[in-house]
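# Structural overview for review
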Amino acid sequence: MAADTVTPAILQYIDRHAYPESEDVASADLGTNALSSLLQAIHNAQTEVEQEVKALSKNTAPDIDTWISRAKDLQADILRSRETARQIVLEHETGRDLRAQCEEAGRKVKLLEKEVAFEESLAATLEHIAHANRLLDAAQEHAVRGDVDATLRELEDADGSIAALEGLKDTRACGLLQARAKQLRESMVETVTDHWNGFVQVDHEERTIVIAKKLRHQFEDTAAPDYGIELPVKGAQGLGILEGLVHKLSRDIERTVLRPRLTVDDEGEVAKIEVSGDQLSCRQRHVDTTHATLFTDLHHIIDFFASHLPSEVGIMLSESLVPALSLRLEEHWLEPAIPLSIQEMPAFQDVLTHVSHLADLIERHRWHGTKQLRVWVQNAPRTWLTKRREAVLGDVRNLVFAGLRETKVVERVETRMVSKDDHQALQGGGDGEEGDDEWATAWDEPEEAKSAVAAAKPVEDTVPLDDDEASAWDTDDLDDKQSTGASGDADEADAWGWGDDAQTSSSPTATKKTQQPPAALKASAAHNVGDRAGQPSKEREMTLRETFTVTAVPNGVLDIVQHIISDAQTLAGPSYSSSPIAPAATGLYSIPTLALAIYRATAPTACTNSLPTGNMLIYNDAGHLASKLREWQAAQPPASRLRLDNDVKALETFAKRAYGTEMESQRTILRDLLDGAQGFASVTQPPYKQGCEDAVQQTVDQLREVQKQWKGILSDGALSQSLGSLLGSVTGKMITDIEDLGDIGEADSHQLRHLMDIVSGTKDMFVRDEKADGVEEAPDMTFIYCPKWLKFQYLGEILESSLADIKYLWNEGELSLEFDGEEVVELIEGLFADSDIRRRAIQEIRRSGR
């Protein structure tokens, strides 16, 4: 059953590739027994198919025969085509052999063509070489005959022919041609050089130069027995050696002619130029060193070479010779000819004229190189101005260093209107009608008041109290109360001592007292001027005089500046209106500024390094010079171009700076010495006690040493003001240190007062040597010059005073003018133990509101 079902399905698959649709057939089990029946069924099916094919073949036999016939014909065609292809392949093989034979024949043809071309090229090259060789032979023949032109022509053609042998430069034949051409050229160079040397003969030892016009030819058969220098010149141009020959000639001329003529020997002699025909010599020497002779000789030199050399050679020679001549002429003759004095200016103008004429001569010969000479003439005003400037700066620099050895005392005088009261104050006189006679007498003999005025006035060049110089004058230490009520021009008045009566009348000791302070304090202000507010004022003219020391520098610098401006005015005058140096007149007005600048630059180094009082001498010199310059400028006519205002201000600033520098230096020294007291702490305990005394004594000694150095250098007023400023720094530091101590015992108070008394002993530095009329004892001027001097004295009194004395000084005296309430309170708290009396005193001082 299974076989019957499966077999048809398999046959259908084989025949039609169709799968069975029934699941039972597809999943049927095909066993071994079924295979035999399956094979049988397949065999039967094959037999049926064969039978069907045979039956069909019988029906289609005619058609098949036709197909067979056609197949045979096709096979025959294929065989014929195959034979044809074999023939084609055979013919192709035969053609390839023929083509190879043709190519081989073509290669042989090309090789033959190359051989022919090589032979032709070789023949041409050999002919070319032979032609070049013939040219060299011809050049050599011409050279032997002395025909320079033909030799150069043939040699040039030969060089061109040899250069055309491209590709053969490494061959032996070309190398031989080149070597022969080179040898022939070298021979020509030697020949042309010999010809040149035959025309241009230089003898360095004899210092002669000969330039021949004609030379006889060495060969008898030549058509031109005589020839000129043009022949070697043309040959040198063709050989490219003319420039070298001309440069050598330029060096020979410079060595043989220019250098001996332009150099003056140790005996003051120069070479003498002589021209004789074709010879230029300078064998002889003479002492004529004038510029006229010099330029005459230079004209002869230039004319000689311009006339004996071809123009092209002269032009080429000028390119090196004229600059060398100009350089040596400028260095040895023109620069030294620049005068410093205006009186020598005519001679210098003649020199400029000679230089211009020399440049004109050079240009007439169409030579080159005159630009340097023209420029020097055009720049003559600037050159002269530069030399004058350098000389002035050198003179000022030398003067600064040399002028310090010479010092002198100068006097400054100033006249101002003062009232009778001011005059009496300066004279030291008292109140009363009898002062009128003294007033009148003082004007008959103003010298009697000189010492008192000089002592009262600070200094000629007192520094204005501006921000930059405030520290130098201790303006920060001035009590504001002392300047209250001062007039608008008080600073200017103080600078000369004017208004000292106003200052003294407003000082604490000038007020009228009902009870007297302690004796020591009363003595310090005994000579103060009283109040004259209610008295009428009579003005008279008063002359103030003071003397101080300056070096020779100010007058020397002033002389230099005045001489410069005098020369500027002379140059600007009609006598020099056509002078080429006239434009330098304007530039001269700038030299004084430079001279003063170099003075300010060198003075600090020169003075401070060699003199202990260098800065103060600078202060005096600069101030004195500024004053002289201001007076001199004021005396100039309105049309003058002189403008020295800024320079005068710079000098005044320079003086202030020197003064401030010295003052600050001394303050630093004093502060360092006073720092040895260590703030006056433990002032009674050894070893601090001795240290404090030594520090104070050294400070006082330093002050006196400064006074010794500055005395005679500064004016009396300036000396007093400077010492007072330094003393004010000392007293100010001591006041601050003592106020910062806190608790001060009785022994400490006495010791501190002792130290303060040592410092107070310096007041003798401010006592005038001369006594004023009507005054038995010279007044003590310390409180005028020393800031806080009265405060320092009051502090010394406070240290040894009782509470009652302190209250008296506060309520009835002038203590409140020097101390504020809290300062006094702190001192009381430090000096006295706490008690009801101390508390009441402190409350009373605070309630007073003073």
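Before reading on, note that the structure itself is shown above.
Residues numbered from 1 in each chain as written. Predicted model: local features only at pLDDT ≥ 70, side-chain atom pairs only at ≥ 80, totals over all residues. Heavy atoms only, no water.

## Quick word on the overall build of the protein chain
Across its full length, the protein chain holds 33 helices and ten strands. At a minimum sequence separation of 6, the contacts of the protein chain that also span at least 24 residues come to 74%. Summed over its atoms, the accessible surface of the protein chain is roughly 45300 Å², and 50% of this surface lies on carbon and sulfur atoms. (Helix = DSSP H or I, 4+ residues; strand = E, 2+ residues; numbered from the N terminus. Contact = heavy atoms within 4.5 Å. Areas by Shrake-Rupley, 256 points an atom, 1.4 Å probe, with all protein chains shown as cover.)

## Things to note about the packing of helix α10 (residues 311-337) against helix α12 (residues 371-378)
Put simply, α10 and α12 touch, their axes get as near as 9 Å, and they point 30 degrees apart. Viewed along their axes, α10 and α12 adopt a mutual orientation that is roughly parallel. Where α10 approaches α12, its residues Pro 323, Ser 326, Leu 327, Leu 329, Glu 330, Leu 334 and Glu 335 are matched on the opposing element by Gln 372, Leu 373 and Trp 376. When its residues are assigned to classes, the contact of α10 with α12 shows six nonpolar, two polar and two charged. (Axes fitted to C-alpha atoms, helices over the stretch in contact; angles between N-to-C directions. Parallel < 35°, antiparallel > 145°, perpendicular 65-115°, else oblique. Nonpolar A, V, L, I, M, F, W, Y, C, P; charged D, E, K, R; others polar.)

## Looking at the environment of Asp 203
Relative to the helices and strands, Asp 203 is located in strand β1 (residues 200-203). A C-alpha to C-alpha distance of 8.9 Å links Asp 203 and Asp 252, two positions 49 residues apart in sequence. In this structure Asp 203 touches Thr 208 and Thr 256, once residues within four positions along its chain are discounted. Engagement of the side chain of Asp 203 in a polar contact is seen with the backbone nitrogen of Glu 205, the distance being 3.1 Å. (Polar contact = N/O pair within 3.5 Å; in protein donor to acceptor, adjacent residues only side chain to side chain.)

## Some details on the pairing of strand β2 (residues 208-211)
Successive side chains on a regular strand alternate, one facing one side of the sheet and the next facing the other. As defined by bridge partners, β1 adjoins β2 across four bridges and the pair is classed as antiparallel. Following the sheet pairing, Gln 201 is matched in β2 by Val 210. Connecting β1 to the next strand, β2, in antiparallel fashion are four residues, including Arg 207 with a positive phi near 55 degrees. Relative to strand β7 (residues 279-281), β2 is paired through three bridges, and the arrangement is antiparallel. Along β7, the bridge assignment pairs Ile 209 with Leu 280. (Pairing = 2+ DSSP bridges.)

## Points about the side chain of Gln 666
Here Gln 666 is to be found in helix α24 (residues 645-674). For Gln 666, a relative accessible area of 7% translates into the label buried. (Buried < 20%, exposed > 50% of the residue type's maximum accessible area, 1.4 Å probe, protein only.)

## Points about the nonpolar core
Membership of the largest hydrophobic core comes to 171 residues, with the highest contact counts inside it found for Leu 298, Phe 305, Leu 329, Tyr 599 and Leu 629. In contact with Phe 305, other than residues within four places in its own chain, are Ile 209, Ile 211, Ile 253, Leu 280, Leu 317 and Trp 367. Of all hydrophobic cores here, the second largest spans eight residues; its members include Ala 139, Leu 155, Leu 177 and Ala 181. (Core = buried A, V, L, I, M, F, W, Y, C linked by side-chain atoms within 4.5 Å.)

## Quick notes on the side chain of Ser 720
Along the chain, Ser 720 turns up in helix α26 (residues 716-739). The exposure class of Ser 720 is buried, given its relative accessible area of 11%. Once residues within four sequence positions are removed from consideration, Ser 720 is found in contact with Phe 766 and Tyr 785.

## Examining the sheet that holds β7
Overall, antiparallel pairing links the four strands, which are arranged β1-β2-β7-β6 in an open sheet. Each edge of the sheet is formed by a strand with only one pairing partner; in this case those strands are β1 and β6 (274-276). On average, each strand axis in the sheet is inclined to that of its neighbour by 10 degrees, with strand direction left out of account. Helix-sheet contacts for helix α8 (residues 242-262) involve β1, β2 and β7, and the interaxial angle to β1 is about 40 degrees.

## Focus: a nonpolar patch on the surface
Taken together, the side chains of Tyr 13, Ile 14, Tyr 19, Leu 39 and Ile 42 define a hydrophobic patch exposed on the protein surface, amounting to about 540 Å² of accessible area. With respect to the secondary-structure elements, Tyr 13 resides in helix α1 (residues 2-16). On the basis of relative accessibility, which here comes to 37%, the residue Tyr 13 falls in the partly exposed class. (Patch = residues over 30% accessible without salt bridge, like charges linked within 9 Å, V, L, I, M, F, W, Y side chains within 5 Å. Salt bridge = Lys/Arg side-chain N within 4 Å of Asp/Glu carboxyl O.)

## Structural notes on the packing of aromatic side chains
Inspection of the entire model under this criterion finds six aromatic pairs. Seen in terms of ring centroids, Tyr 599 and Phe 654 are 5.9 Å apart; in terms of plane orientation they differ by 75 degrees. Their pairing is edge-to-face. Taken together, the residues Tyr 599 in helix α22 (residues 591-610) and Phe 654 in helix α24 connect sequence positions 55 residues apart. Positioned above the aromatic ring of Phe 819 is the side chain of Lys 791, whose terminal nitrogen or guanidinium carbon lies 5.0 Å from the ring centre. (Phe/Tyr/Trp six-rings, centres within 6.5 Å; stacked < 30°, edge-to-face > 60°. Lys NZ or Arg CZ within 6 Å of the ring centre and 35° of its normal.)

## Concerning the packing of helix α13 (residues 380-402) against helix α20 (residues 553-571)
Here α13 crosses α20 at 165 degrees, and the two axes come no closer than 9 Å. Judged on the interaxial angle alone, α20 and α13 are roughly antiparallel. Considering how the two elements wind past one another, α13 and α20 form a crossing that is right-handed. In this structure, α13 uses Trp 384, Arg 388, Val 392, Asp 395, Val 396, Leu 399 and Val 400 to contact α20, whose residues at the interface are Val 553, Gly 556, Val 557, Ile 560, His 563, Ile 564, Asp 567 and Leu 571. Its residues assigned to classes, the contact of α13 with α20 comprises ten nonpolar, two polar and three charged. (Left-handed = near helix turned anticlockwise from the far one by under 90°.)

## Observations regarding the pattern of salt bridges
Taken as a whole and judged by the stated rule, the model has 27 salt bridges. Among the ionic pairs, Asp 360 bridges to Arg 374, the shortest N-O distance being 2.4 Å. Of this pair, Asp 360 sits in helix α11 (residues 345-364) while Arg 374 sits in helix α12; the two residues are 14 residues apart in sequence, bridging distant segments of the chain. In this structure Asp 360 comes out as partly exposed when scored by relative accessible area, which is 27%. Residues participating in the shared-partner salt-bridge network are Arg 753, Asp 757, Glu 797 and Glu 800.

## Observations regarding the environment of Gly 691
Locating Gly 691 in the fold gives a position in helix α25 (residues 688-710). Judged by its relative accessible area of 27%, Gly 691 falls in the partly exposed class. Expressed as a C-alpha distance, the spacing of Gly 691 and Gln 678, which sit 13 residues apart in the sequence, is 8.5 Å.

## Side note on a negative patch on the surface
A surface patch of negative charge is lined by Asp 740, Asp 820, Glu 826 and Glu 829. On the secondary structure map, Asp 740 appears in the loop between α26 and α27 (746-760). (Lys, Arg positive; Asp, Glu negative; His and termini not counted. Charge placed at Lys NZ, Arg CZ, Asp CG, Glu CD.)

## Brief notes about the environment of Arg 657
Relative to the helices and strands, Arg 657 resides in helix α24. We classify Arg 657 as partly exposed; its relative accessible area is 47%.

## Observations concerning unusual backbone geometry
The omega torsion across Pro 686 and Pro 687 is -5 degrees, close enough to zero to call that bond cis. Looking at where Pro 687 falls in the secondary structure, it is placed in the loop between α24 and α25. A positive phi angle is found at Arg 207, which is not glycine, with a value near 55 degrees. As for its position among the elements, Arg 207 is in the loop between β1 and β2. For Arg 207, a relative accessible area of 29% gives the class partly exposed. The backbone phi angle of Arg 366 is positive, close to 60 degrees, even though this residue is not glycine. Within the element layout of this structure, Arg 366 appears in the loop between α11 and α12.

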